[in-house]
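Commentary on secondary and tertiary structure
Residues per chain are reported as follows:
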Amino acid sequence: MEKDFEKSLNPHLQKAIDDYVQGEKDNVSYLDCLWGEVYGSINSDFWNGYLTAEQADYLRKKYLYAEEQELEMNMKL
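If you're wondering where the values come from, they're calculated on a predicted model, not measured in any experiment. (Residues numbered from 1 in each chain as written. Predicted model: local features only at pLDDT ≥ 70, side-chain atom pairs only at ≥ 80, totals over all residues. Heavy atoms only, no water.)

Brief notes about the nonpolar core
- Ranked by internal contacts, the top residues of the largest apolar core, which has 16 residues, are L9, L13, I17, V38, I42, L51 and L59.
- Contributing elements (two or more residues each) for this core: α1 (11-26), α2 (31-47) and α3 (53-64).
- Once residues within four sequence positions are removed from consideration, L13 is found in contact with V38, S41, I42, D45, L51 and L59. (Core = buried A, V, L, I, M, F, W, Y, C linked by side-chain atoms within 4.5 Å. Buried < 20%, exposed > 50% of the residue type's maximum accessible area, 1.4 Å probe, protein only. Helix = DSSP H or I, 4+ residues; strand = E, 2+ residues; numbered from the N terminus. Contact = heavy atoms within 4.5 Å.)

This is the structure we're talking about:
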């Protein structure tokens, strides 16, 4: 089911995600800008009815808040 959340994303959202993932790999200095682009694109698509709330939440958690979740898990150990 989760993989279905990433099928048929609008091209602008897919590009924002791809750019952000590549930026993380390349450790670019403007990662905050790429993060903002993903965040804004998800919100735009949600409010325009292209994503469900569940899809938007999934994408935010996967791409934008995964590191925070990892830190929380490490703190619990």
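Structure's up, so let's keep going.
Some remarks on the pattern of salt bridges
- One pass over the full model with this rule turns up 4 salt bridges.
- Here K62 ties to E6 by a salt bridge, and the two come within 2.6 Å at their closest N and O atoms. Within this pair, whereas K62 is found in helix α3, its partner E6 is found in the segment before α1, the two being separated by 56 residues in sequence.
- In this structure, the salt-bridge partner of D57 is R60, at a minimum N-O distance of 2.9 Å. Residue D57 and its partner R60 are located together in helix α3, separated by 3 residues, close to a single helical turn.
- With a relative accessible area of 40%, D57 lands in the partly exposed category.
- Residue classification places R60 among the buried positions, given a relative accessible area of 15%. (Salt bridge = Lys/Arg side-chain N within 4 Å of Asp/Glu carboxyl O.)

Overview of α2
- With 17 residues, α2 extends 24 Å from end C-alpha to end C-alpha; this agrees with the ideal 24 Å at 1.5 Å per step.
- Listing the buried residues of α2 in full gives L34, V38, S41, I42, N43 and D45.
- Tucked inside the fold, the buried residues of α2 contact α1 and α3.
- Looking one or two places after α2, you find G49, whose phi comes out positive at around 85°. (Expected span 1.5 Å × (residues − 1).)

Function cannot be read off these values alone, since they describe shape.
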